[in-house]
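# Architecture and fold: a report
Chain by chain, the residues:
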Amino acid sequence: MQTTLFLDRALLPDGWASDVRITCEDGLITALQIDTPPISGESREALGVPGLPNLHSHAFQRAMAGLAERRGPAADSFWTWREVMYRFLARLGPDEVEAIAAYAFADMLEAGFTAVAEFHYLHHSPDGSPYADVAELARRHLKAAADTGIGITMLPVFYAHATFGGEPPTPGQRRFINDPSRFARIVEALRKDGATVGVAPHSLRAATPDELQAILPLTDGLVHIHAAEQVKEVEDCLAWSGQRPVEWLLNNAGVDARWCLIHATHLTPQETENLARSGAVAGLCPITEANLGDGIFPSSAYLAANGRFGVGTDSNIAIDAAGELRQLEYAQRLSLRGRNLLSQTEGESTGRALLTGALQGGAQALGQPLGALAVGHRADVVCLNMDHPDMAGRSDDLALDTWVFSQGRAAIAAVYAGGRRVVENGRHIHRSAFNARYSAVLKGLTA
Ligand code: ZN
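Residue positions are given per chain, counted from 1 along the sequence in the order it is written. It should be noted that, the model being predicted, local features are given only for residues of pLDDT at least 70 and side-chain atom pairs only at 80 or more, the latter also being counted only at that level, while totals for whole chains, interfaces and linings use all residues. Side-chain metrics in this entry use all non-hydrogen atoms of the structure; hydrogen atoms and water are not considered.

### Points about the sheet that holds strand S10 (residues 223-227)
Worth spelling out the cut-off: The pairing criterion is simple: DSSP has to find at least two bridges between the two strands. Here a helix means four or more residues in a row that DSSP labels H or I, a strand means two or more in a row labelled E, and each is numbered from the N terminus. Throughout, an axis means a line fitted to C-alpha atoms (over the contacting stretch in the case of helices), and angles, computed between N-to-C directions, take values from 0 to 180 degrees.
In spatial order, the strands read S10-S11-S12-S13; together these 4 strands make up an open sheet with parallel pairing. The sheet terminates laterally at S10 and strand S13 (308-311), the two strands that pair on one side only. Adjacent strand axes in the sheet meet at a mean angle of 30° when their direction is disregarded. Both strand S12 (residues 281-284) and S13 contribute to a ladder of 4 bridges, which runs parallel. Each bridged residue has a counterpart across the sheet, and for Ala282 the counterpart in S13 is Phe309.

Put into C-alpha cells, the structure is as follows:
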C-alpha cells in the first residue's frame with residue numbers, strides 16, 4: 001500500500017529542505033518531492049529527521065535495569081555487574097524474552113531509534129540444552145520486532161569460552177555456548193526467515209582464532225564483535241598474544257567496512273588512527289559504558305581522523321537516542337575540558353554533526369538502507385514536537401541541538417518506522433499491551 005508523509009522541514013542527505021513529501025511503499029521511500037504544497041488529508045508533521053539505527057542491543061538486559069546499582073562487598077565493576085546478569089538470566093524463558101524485547105523495542109521507537117542490531121547471545125534453555133528449535137530465542141526477537149515495527153538486523157553471537165586461550169566456559173555462560181556447526185544452523189534458520197543476518201563472535205575472550213576462521217565464512221556481510229571494553233580485557237589479551245584486542249583484530253582478522261567493533265574503548269593513538277583508516281564502524285554505547293564504568297573512547301581524536309561511528313543502547317539501562325549522542329560529547333567535555341568537541345568546523349552544530357555521523361555509521365553497521373530520507377531507504381522518520389515552548393522560534397540545527405542537549409526523548413512527537421506511524425504524542429500505539437506483558441514478567445522475576 002502506498003502512503004505519503006508531508007514534512008514542513010526535513011533533514012535530507014544534502015541538508016534541510018522545505019515542504020517535503022515522502023511517498024512510501026512496502027516500508028521503503030519510493031519518491032521524494034521538495035517545495036511542493038501539502039494535499040489536504042495527508043499525514044503532516046512540522047520537522048522530521050531520519051530515524052537513528054541502534055547498532056548494539058542485548059534486549060533481555062532491559063529487565064535488569066536498576067537491579068545492579070547497589071554497593072557490593074568488594075569493589076564493584078563490569079565483572080561484578082556481569083555476575084548479577086548471569087543470575088538474572090537463569091530465570092528467562094522464551095515468553096519472557098519476547099515480552100522484554102517487545103517492551104525494549106517499543107521504548108527504542110519512542111526514543112528515536114527506528115532499527116536495532118540485536119547482538120543475540122542468549123541461545124539455549126536455562127540448563128544449557130538447546131531448544132527444539134535451535135533458533136527459538138533469536139526468532140522471538142524477530143517476532144518482537146515485527147510486533148513493534150522496529151527494523152532489525154540479527155547478529156547471532158558465537159560464544160565458546162570463558163577467556164583468552166580457549167578456556168572452558170563457566171556454568172553462568174552455558175546458555176550462550178555453541179560449536180561452529182550448531183552456530184551455523186542458527187545463522188541459517190534466521191536467513192531462511194528472510195532476516196538481515198550478520199555474525200557476532202562475542203569477543204576475543206569467547207572465540208579462538210580457529211573458531212573465528214570457522215564462523216566468518218558464514219556471512220558475506222556483517223561482523224560485530226565486542227573489543228577492548230575493559231582494561232583487564234586489554235591486559236589479558238596482551239598476556240595471551242602480545243597485542244591489544246583492537247590491534248590483534250586489525251592485524252589478524254581482516255577488519256574492514258563490514259566490521260563493527262563494539263566499544264573499542266581502550267585504544268592507543270596508533271590503534272585509533274588504524275581503526276579509523278580500516279573503514280570499520282566503532283560501535284559506541286556511551287550510556288552503558290558510563291553505567292558500567294568502562295572508560296572513555298577517544299572520540300575526539302577518532303572523529304578528527306575521519307573514523308566512522310554509530311551508537312548503541314547495549315544494556316538498555318536507559319533508552320534515548322539523543323541521550324547517547326549527548327553522553328558521547330559530554331564524556332569528551334569532561335575529560336578534555338572543552339566544549340563542542342565532536343563537531344569539526346567553525347559554526348557547525350554539534351547535535352547535527354553527532355546525528356549525521358551516527359546515522360551513517362549506524363546504517364553501515366546494520367547492513368540495510370537506513371539512516372537517510374532518500375529514495376530506496378526505509379521510511380524511518382523521527383518528528384520533533386515544534387510546539388514545545390523550548391522550540392519557540394527555533395528550527396533546523398537549533399531544533400536538533402535542543403533535542404540532543406536539552407529535551408532528549410521528550411522532544412519526540414511522532415515516529416514513522418517503515419512508513420507506519422508507530423509513535424503518536426511520544427507513545428507507541430500498542431504501548432499498553434507491551435507494558436502489561438512486561439510488568440507481569442518483571443514481577444515474576446523479582447518474586
Ligand atoms: Zn554488548
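Moving on, there is more to tell.
### A word on the domain arrangement of the protein
Heads up, the rule is: Where each domain begins and ends follows an automated or database-derived domain assignment. Residue contacts are defined here by distance: any two heavy atoms, one from each residue, within 4.5 Å place the two residues in contact. For this analysis, a salt bridge means a side-chain nitrogen from Lys or Arg found within 4 Å of a carboxyl oxygen belonging to Asp or Glu. We define a polar contact as two N or O atoms separated by no more than 3.5 Å, with the added condition that, inside protein, one atom must be a possible hydrogen donor and the other a possible acceptor, whereas residues neighbouring each other in sequence contribute only through side-chain atom pairs. Under the scheme applied here, ten amino acids are nonpolar (Ala, Val, Leu, Ile, Met, Phe, Trp, Tyr, Cys and Pro), four are charged (Asp, Glu, Lys and Arg), and all others, including Gly, are polar.
Under the domain assignment, the protein is made up of domain 1 (2-50 + 378-433) and domain 2 (52-366). Computed over C-alpha atoms only, the centres of domain 1 and domain 2 are separated by 28 Å. With 28 residues of domain 1 at the contact, the number on the domain 2 side is 29 residues. Seen at the junction of domain 1 and domain 2, the total is 5 salt bridges. For Arg352, the salt bridge goes to Asp397, with nearest N and O atoms at 2.9 Å. Counting the contacts that link domain 1 with domain 2 gives 14 residue pairs in polar contact (both at pLDDT 80 or more). Of the residues forming the side of domain 1 that touches domain 2, the biggest block, 6 residues, is contributed by helix H13 (residues 396-407). For the side of domain 1 that touches domain 2, the per-class residue count stands at 15 nonpolar, 5 polar and 8 charged.

### Points about the packing of aromatic side chains
Here is the rule: Two rings from Phe, Tyr or Trp (for Trp, the six-membered ring) form a pair when their centres sit within 6.5 Å of each other. Planes less than 30 degrees apart are called stacked, planes more than 60 degrees apart edge-to-face, and all others tilted. When a residue's accessible area, from a 1.4 Å probe over protein chains only, is under 20% of the maximum for its type it is buried; when over 50% it is exposed; and in between it is partly exposed.
One pass over the full model with this rule turns up 12 aromatic pairs. Geometrically, the ring pair formed by Phe60 and Tyr121 is edge-to-face, given 5.8 Å between the ring centres and 80° between the ring planes. Here Tyr121 lies in the loop between strand S6 (113-120) and helix H3 (136-148) and Phe60 lies in the loop between strand S5 (52-57) and helix H1 (78-89), a separation of 61 residues in the sequence. Tyr121 matches Phe60 in its accessibility class, with the two residues each being buried. For the ring pair Phe158 and Phe183, a centre distance of 5.6 Å and an interplane angle of 80° mean the geometry is edge-to-face. Of this pair, Phe158 sits in strand S7 (residues 151-158) while Phe183 is found in helix H4 (residues 180-192), placing the two residues 25 residues apart along the sequence. Side by side, Phe158 and Phe183 carry an identical accessibility label, which is buried.

### Here's the deal with the nonpolar core
The cut-off we apply is this: What we call a nonpolar core is a set of buried Ala, Val, Leu, Ile, Met, Phe, Trp, Tyr and Cys residues that are connected through their side-chain atoms within 4.5 Å.
Counting residues in each nonpolar core, the largest one holds 92 residues, and the members touching the most others are Phe105, Leu249, Trp259, Leu384 and Trp403. Here this core gets 7 residues from one element, more than from any other, and that element is helix H2 (residues 94-110). If you count residues domain by domain, this core takes at least three from each of domain 1 (2-50 + 378-433) and domain 2 (52-366). Discounting residues that sit within four places of it in the chain, Trp403 has contacts with Val49, Ala322, Arg326, Leu355, Val382, Leu384, Met391, Gly408, Ala411 and Ile412. Residues Phe78, Ala115, Ala206 and Cys285 belong to the second largest nonpolar core, which totals 41 residues.

### Description of the pairing of strand S11 (residues 259-263)
Most of S11 sits out of view: 5 of its 5 residues are buried. With 3 bridges joining them, S11 and S12 adopt parallel strand pairing. The residue of S12 that forms the bridge with Cys260 is Val281.

### Brief notes about the state of the cysteines
In plain terms, the rule: In this description, the term disulfide denotes a pair of cysteine sulfurs within 2.5 Å.
Counted according to the given criterion, the structure contains 0 disulfides. In this structure Cys24 is a free cysteine whose sulfur lies 11 Å from that of Cys383, the closest cysteine sulfur available. Distance from the sulfur of Cys285, which forms no disulfide, to the nearest cysteine sulfur (Cys260) is 8.2 Å. Residue classification places Cys285 among the buried positions, given a relative accessible area of 0%.

### Details of the coordination of the zinc ion
We count it as follows: For Na, K and Ca the donor cut-off is 3.2 Å, while for other metals it is 2.8 Å, and in both cases only N, O and S atoms qualify; water is not among them, so sites may look incomplete.
Around the zinc ion, the protein contributes the donor atoms His56 (NE2), His58 (NE2), His226 (NE2) and Asp314 (OD), which lie 2.1 to 2.6 Å from the metal centre. Mapped onto the polypeptide sequence, the residues donating to the zinc ion form the spacing pattern H-x1-H-x167-H-x87-D. In this pair, His58 sits in the loop between S5 and H1 while Asp314 sits in the loop between S13 and helix H11 (321-336), placing the two residues 256 residues apart along the sequence. This pair shows no difference in class: His58 is buried, exactly as Asp314 is.

### A closer look at the pattern of salt bridges
This model, assessed by the stated rule, comprises 26 salt bridges. Linking Arg9 and Asp396 is a salt bridge whose minimum nitrogen-to-oxygen distance equals 2.5 Å. Here Asp396 lies in helix H13 and Arg9 lies in strand S1 (residues 2-12), a separation of 387 residues in the sequence. We classify Arg9 as partly exposed; its relative accessible area is 22%. The exposure class of Asp396 is buried, given its relative accessible area of 17%. Between Glu136 and Arg140 there is a salt bridge, and its shortest N-O distance comes to 2.8 Å. With Glu136 and Arg140 both in helix H3 and 4 residues apart, the pair spans about one turn of that helix. Judged on exposure class, the residue Glu136 and its partner Arg140 are both buried. When salt bridges with common partners are traced through the structure, they connect Asp95, Glu98, Glu136, Arg140, Lys143, Asp147 and Arg437 into a single cluster.

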